[in-house]
Every structure is written in C-alpha cells, then in structure tokens.
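Each chain is listed here by its residues.
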Amino acid sequence: MAIPHPKIGGDQPVIRQLDDAAINRIAAGEVVERPASAVKELVENSIDAGATRITVEISNGGKALIRVTDDGCGMGPDALPLALARHATSKIDGKDLLNIQSFGFRGEALPSLGAVGRLVITSRAAGTGAHTIAISGGRQSVLRPAALNSGTVVELRDLFFATPARLKFLRSDRAELQAITDVVKRLAMAEPAVGFTLRDISEGHERILFRTDAETGDLFDALGARLGRVMGREFIDNALPIDAEREGLRLIGYAALPTYSRGSSIAQFLFVNGRPVRDKLLIGALRGAYSDFLSRDRHPAVALFIDCPPERVDVNVHPAKAEVRFREPGIARGLIVSALRHALAEAGHRSSSTVADATLGAFRRHEPGPARVYQMDRPSQGSLGNAARWQAPGLDEAPADFAPASARVEEVADAAEETAHPLGAARAQVHENYIIAQTETGMVIVDQHAAHERLVYEKLKRQMAETGVASQALLIPEIVPVNEEDGQRLVELATELGRLGLSIEPFGPGAIAVRATPAILGPVNAEAMLRDILDELDDIGESGTLQARIEAILSRVACHGSIRSGRQMRAEEMNALLREMEATPHSGQCNHGRPTYVELRLADIERLFGRT
Ligand code: ADP
Ligand code: MG
C-alpha cells in the first residue's frame, strides 16, 4: 500500500515560525477544551485575585457568553494589555516552579481564550480608573477608559468562533451547562470564604443555578457548611469529619459512611492545595481505604483536601492542571488510607466487632465439631436483622452484616426428578445466601441474591415489552428531597419511569413525590431507588439512547427488589428459583456481570480430593 509521505518527493519542506495567533490557538487546544474549562480558568483567576464574591453568568451553555464578575484586586491600565500577552503572569517570577501558591502560573489562559473567542476585560485596580480592553480571534484592541466601581469583569463571547472544528465537538447546551455547574461547585467547595453565584441568562430567561454566600466560622464549620450546600445536607449528616497529618501532609474533609455509598464515583471530590484534582493515586487510596466496607460496584462519597508545602507536589504535569504528582506518593496514599480506615473503624466498627465476637464465641462452644448447623425453619439472627432492614445500598457487603456462620440442610427425598434439571435439586442453603444443589453430574452453588436480581431484571424487561410494568400505589406518597437539577432530570423522565411502574411528580422546588413503585419489587426504599437512578443517569451521560438509559435504569431498579443475601429459603422456594433460572435468559450472570452460579462436576470434586 502506498502511503503518501510528506518528506519524499516534491519540494524540500520549509520550516516556518508560526505567528502569535496560531501559537495561541494551538495552546488554547490544550487549555480550553470546552466552555467549562474557560469558566474554570476565569474563576480561578478571580480567586487568585483575592475575590470574596464571584458571579458567573452563562448563555447557551457558555457557547454564546461566559461572564465572570469579581471584587478582587483588579488590574490597572498598565497591567491590562500585559494580561493578554502570552506567558505574562503576576503570579510567579519563573525562578521557582516548585513553589506555586496560586491556581494560575503559566500566563496562558487569557491569551488562549482571546485566540479562540471574543474576550473583553474591564477592570479597576485601587487608585486608578477603570479600563477595558478586547481581544478577538487573537486581535487586540486599544485600551479605553470604562466605568466600573472595582474588581474585574471578563466577558467571553462566541467561544471557538475562530476554531470552528472545535465547535463541532461541543455537546448540547444542557450538557455544557452541567459541566460548568460541576466546575463552579467544585471550586466553591475548596473556597468556603468566597461567595459564588452561577446564573443562566440564555435568551432572556434568567435562572440561578447555584448560589452561596461566604461561609463564616472556623475552618471546619465553614467547610462543613459549604460542603453541605454543594453536596447536600444529607452528605454531611452521613459523613465523618477527617483531620489527620503525616510527615508534613495534612488531610481534612469529610468521608461518608459506607452505607451512604453511591453507584458511581460521582460524589468523590479530591483537592490538593485547594486545587480540584482527579488523581489516580488518590482515587486508588480511597478505594483501598474502603475496600473492607464496600463492594467494588459501590463508591464512597467523600470531599477530601490535602494540604502540603507547595514544593512537595508538582502541579505542572497536566494541561488543565487536573492531576498532580506528589514527590512522595507513598505518604499521600498512606495518609488517606490510615485516616479513613481509622475514622470508619471508630464510627461503625463497634457494632460489627460485637457481632464478630459473638460469632467467634459460638464457634468455640461447638468445638471441635463442624460449623453450626441450624434446624430447619429456625430463623437465624442474621435473617431477622436483614428482613427488618431496608435495602441500604452497599450495606449487604458491610462486615457488620456477617451473621453467625449458618447452614440449612434439606432432606434428600424424592429429588430424583429435580436432579435431572440442569441446575439440579436444592440440598442446602449455606451462609444464608448460597444454595447448594445436586445435579446428575455434580453440584451447583448458586448466589441467590445475584440470581434473584437478574430474574427480577429480566421479568421487568418482559413486562416493559408487553404491557408496561405493573405498579403498586403507595398509601402515603414518599417525599424525597433532591436538588433542583436532579429533580428536573427526574421529572423529564417521568413518562418513561411511569412505564417502569415508578410514578413520580414534582413536589415543590426541592423534592419529588413518589406515588407508586414497581409491584414486582414489593416494599422498597423509594429514596435509595431514586438516588441510584440519578447515579445511573450520570454514569451513562447524555450519550446513551433513551432505550439504553431505560435499560440501565431498569437494571438498577431490579437490585431494589432482590432477595438480599441473608434471607432463608425453604426447599420449594430454592427449587423454584433454580427452575426459574433455567427458564430465564441471561440468568447465568447478575446485572453487574458476576456469575450467579458455579458448577462443580463430580470429576472436578474427585480431582479436588486426589481421587483421579
Ligand atoms: P495566570 O493565571 O496563569 O497568571 P492568566 O492568563 O489567567 O494567567 O492571567 C494573566 C494575568 O492577568 C494574571 O497573572 C493576573 O495578574 C491577571 N488577571 C487575570 N484575571 C484577573 C482578575 N480576575 N483579577 C485580577 N487580575 C487578573
Ligand atoms: Mg489564570
């Protein structure tokens, strides 16, 4: 195959020096990926300027207009043209790239924005009059006097008009606005002393998306208040304060109890020296800290702030400064893991260690015999506790749940015909969750919770395809508090959710009323279900088709009706479950892709014992 090679044939290639406009457009490609990245740069500039009140106004998802107004130190007439020059910054002198105290330091945000959009900066520093300067597609205007009391107003219109290729990659106004909201909230979390307002001013209709005044009180009070406002009061109510130090690194913030976990990493907020980061090292440490408490598909909710001397961390490793590199990554990791484990142990371990003691005691009494075998139909401690508890996501995996080791053995009676089925005849249930069945050629171990989840999901899908999912009206509608965005997203899906048997309607600005739930699930916790649906929507984003979104939601909903591990089943129930699995497509795996059963053939078992 002949690939045209630019270096071969034709004229000798010519090396040119690119002009400033081209250089800035190239730089903008890295710094300004979408409107939200422009907002991030501008708000960070305002914070660096010592602002106490920052207002962000957006029109058409930031594509038409982004306006950031602050009451910071402002810029005088000499500074304004410089601010637009490439590599011009007031924040470092270039001698020490390791000692960076501000968000900005590269001096490239404003020239980059001016290269790809129409930028107007109006600013006033103490002791001078206000001035304004514009730069559009890289062309700078002359400096003019203007009217402004104090601070700075930066207006960015028609983002990417100078680079139409970039425009094509932008998502819907809604999606871009969502990304902007996330950016502003993230920055607001780390700056409790600054007041923020985010307003959508598209086509005349004005809407406040987020607003918070400067918080008062000491560091922890102010931080707690701010996090409550951004992440919801519920987060703070379910979170443990963290305050730890190790070798010069300090960790403060809040980490939620395992029972408040989420279905995605959506509620994980990490900051290094006030800078929001998405850092693999830190996320890994988080996972490690919760590994004993959460299953892999649940994600802890945290807002954690690491503070350290600037020279201990390199912030100049990512174009959008979204990642950092610790000089001693082991210390950062160790700090997170130990601080969180310690806090979680203090909070929740007391009850779980008493269960563990009781279990150990029970074993000791029965020594040296085999593990205890319960009589048929005698409910165990574990199953009683489980039945009474609503289905808190993630709770099933928590160690507090470990019931005394238990098994129930079924009589071997006229089981010959059952044994002939692929999944065999149920013989016992062990550890309240695993069904042991005998088949003609070996044995099968079924994870009853995973299996049931799958069956419910398949049944829901079937009902959906036929008549719509039958719903069960609630005697008293359940009122679930949600923030405005989430409420709107749910209401928009109300018709689809109705077909899933879930009937909801808006209930004032900050709540949703749940009137009916899918009948097949029995009694469910409507709030936990709505939260999981919201997480699922976040996970798929706007890219998925409606069909894909409904399926994903259905799969989440199915989890809420499943027999949680810890439910005792009689022989008939177990056999019915096995027969249903055989008759149901995809029943070999649960909704999370884990197997619902394993099969051991007689030959495998014999090999285990060295018989062959
Ligand atoms: P950097 O933030 O990396 O220094 P920018 O291009 O974002 O680079 O900004 C250039 C300079 O303009 C800053 O160093 C700062 O002195 C000034 N500046 C930008 N925004 C503001 C603002 N809102 N208030 C006061 N000064 C600002
Ligand atoms: Mg900057």
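Residues numbered from 1 in each chain as written. Chains lettered and ligands numbered in written order. Predicted model: local features only at pLDDT ≥ 70, side-chain atom pairs only at ≥ 80, totals over all residues. Heavy atoms only, no water.

Participant: Honestly, the side chain of Thr55 in this entry has me stumped. Any pointers?
Facilitator: Note that Thr55 resides in strand 1 (residues 53-59). With relative accessibility at 16%, the residue Thr55 sits in the buried group. Residues contacting Thr55, with those up to four places away along its chain left out, are Arg67, Val68, Thr69, Thr197 and Arg199. (Helix = DSSP H or I, 4+ residues; strand = E, 2+ residues; numbered from the N terminus. Buried < 20%, exposed > 50% of the residue type's maximum accessible area, 1.4 Å probe, protein only. Contact = heavy atoms within 4.5 Å.)

Participant: Even after reading the chapter, I still don't get the packing of helix 13 (residues 448-466) against helix 18 (residues 571-583), so can you show me in this structure?
Facilitator: Any two packed helices are characterised by the angle at which their axes cross and by the distance between the axes. Running from N to C, helix 13 and helix 18 cross one another at 50°; their axes reach a closest spacing of 10 Å. Taken together, helix 13 and helix 18 sit at an angle that is classed as oblique. As helix 13 runs across helix 18, the sense of the crossing is left-handed. Two secondary-structure elements touch here, helix 13 through Gln448, Ala451, His452, Leu455 and Lys459 and helix 18 through Leu577, Glu580 and Met581. In terms of residue class, the contact of helix 13 with helix 18 is built from four nonpolar, two polar and two charged. (Axes fitted to C-alpha atoms, helices over the stretch in contact; angles between N-to-C directions. Parallel < 35°, antiparallel > 145°, perpendicular 65-115°, else oblique. Left-handed = near helix turned anticlockwise from the far one by under 90°. Nonpolar A, V, L, I, M, F, W, Y, C, P; charged D, E, K, R; others polar.)

Participant: Help me understand helix 9 (residues 280-290), please; the structure alone is not making it clear to me.
Facilitator: For an α-helix the count is 3.6 residues per turn, leaving residues at separations of three or four pointing the same way. Considered for burial, the residues of helix 9 that qualify are Leu282, Ala285, Leu286, Gly288, Ala289 and Tyr290. At the N-terminal end of helix 9, a side-chain oxygen is found 3.0 Å from the backbone nitrogen of Leu281, two or three residues along, and the residue is Asp279. (Polar contact = N/O pair within 3.5 Å; in protein donor to acceptor, adjacent residues only side chain to side chain.)

Participant: Please explain the confidence of the model for the protein chain as it appears in this structure.
Facilitator: Detailed reading of the predicted coordinates is not advisable wherever pLDDT falls low. For the protein chain, the mean per-residue pLDDT works out to 80, and 81% of the residues sit at or above 70. Predicted confidence for residues 348-405 stays below pLDDT 50, and this span has 73 contacts to residues more than four positions away or in other chains. (pLDDT = per-residue confidence, 0-100.)

Participant: Please clarify how helix 18 should be interpreted in this entry.
Facilitator: Look at helix 18: 18 Å from first C-alpha to last across 13 residues, which is about the 18 Å you get at 1.5 Å a residue. Every buried residue belonging to helix 18 is among Ala571, Met574, Asn575, Leu577, Leu578, Arg579 and Met581, and all of these are buried. (Expected span 1.5 Å × (residues − 1).)

Participant: How should I be thinking about the site of ligand 1 in this particular structure?
Facilitator: As a structural note, the neighbourhood of ligand 1 is formed by 20 residues, with Asn45, Thr89, Ser90, Lys91 and Gly107 the closest of them. Contacts to ligand 1 include Asp70, whose side-chain N or O atom sits 2.9 Å from a nitrogen atom. Notes on ligand 1: free accessible area 540 Å², of which the protein chains cover 93%. Elements with a contribution of two residues or more to the shell around ligand 1: helix 2 (35-48) and helix 4 (109-116). Sort the elements by how many residues they give to the shell around ligand 1 and helix 4 lands first, with three residues. (Near = heavy atom within 4 Å. Areas by Shrake-Rupley, 256 points an atom, 1.4 Å probe, with all protein chains shown as cover.)

Participant: Help me understand the sheet that holds strand 14 (residues 302-307) in this model?
Facilitator: The pairing of strands in a sheet happens through backbone hydrogen bonds and is either parallel or antiparallel. In spatial order, the strands read 10-11-14-12-13; together these five strands make up an open sheet with mixed pairing. If you trace the sheet from one side to the other, it starts and ends with strand 10 (239-246) and strand 13 (275-277), each paired once. Each strand of the sheet is rotated relative to its neighbour by a mean of 20°, with strand direction disregarded. The sheet contact formed by strand 10 and strand 11 (residues 249-256) spans eight bridges and is antiparallel. Among the inter-strand pairings, Ile242 is bridged to a residue of strand 11, identified as Gly253. Strands strand 12 (268-272), strand 13 and strand 14 of the sheet are contacted by helix 6 (residues 173-190), whose axis makes an angle of about 55° with strand 12. Sheet contacts for helix 7 (residues 219-231): strand 10, strand 11, strand 12 and strand 14; angle to strand 11, the most-contacted strand, approximately 45°. (Pairing = 2+ DSSP bridges.)

Participant: Before we go on, may I ask you to explain the packing of helix 6 against helix 14 (residues 484-492) in this structure?
Facilitator: At a closest axis distance of 13 Å, the pairing of helix 6 and helix 14 adopts a crossing angle of 155°. On the basis of the axis angle, helix 6 is roughly antiparallel to helix 14. Considering the relative orientation of helix 6 and helix 14, their crossing is left-handed. Judged by residue contacts, Arg174, Gln178, Thr181 and Lys185 of helix 6 engage Glu485, Arg489 and Glu492 from helix 14.

Participant: Can you help me understand the pattern of salt bridges in this one?
Facilitator: Pairing is possible between side chains of opposite charge, provided their charged atoms come close. A complete count under the given rule lists 29 salt bridges for this structure. Between Glu57 and Arg67 there is a salt bridge, and its shortest N-O distance comes to 3.1 Å. Note that Glu57 is positioned in strand 1 and Arg67 in strand 2 (residues 65-70), a separation of ten residues in sequence. Take Glu57: its relative accessible area is 11%, and that puts it in the buried class. A salt bridge links Arg118 to Asp158; the shortest N-O distance between them is 2.8 Å. Here Asp158 lies in the loop between strand 7 (151-157) and helix 5 (164-168) and Arg118 lies in strand 3 (residues 118-124), a separation of 40 residues in the sequence. Given a relative accessible area of 35%, Arg118 falls into the partly exposed group. Owing to a relative accessible area of 31%, Asp158 belongs among the partly exposed residues under this scheme. Beyond isolated ion pairs, a larger network of salt bridges with shared partners links Glu57, Arg67, Glu155, Arg157, Arg199 and Glu206. (Salt bridge = Lys/Arg side-chain N within 4 Å of Asp/Glu carboxyl O.)

Participant: It is not clear to me how the pairing of strand 20 (residues 442-447) should be interpreted in this structure. Could you clarify?
Facilitator: For a regular strand, the rule is simple: side chains alternate between the two faces of the sheet. Note: strand 19 (residues 434-438) against strand 20, five bridges, orientation antiparallel. Counterpart to Gln438 in the pairing with strand 20 is Met443. The hairpin turn running from strand 19 into strand 20, its antiparallel successor, is three residues long. Strand direction decides the pairing type here: strand 20 and strand 24 (residues 597-601), joined by five bridges, are antiparallel. Following the sheet pairing, Val446 is matched in strand 24 by Tyr597.

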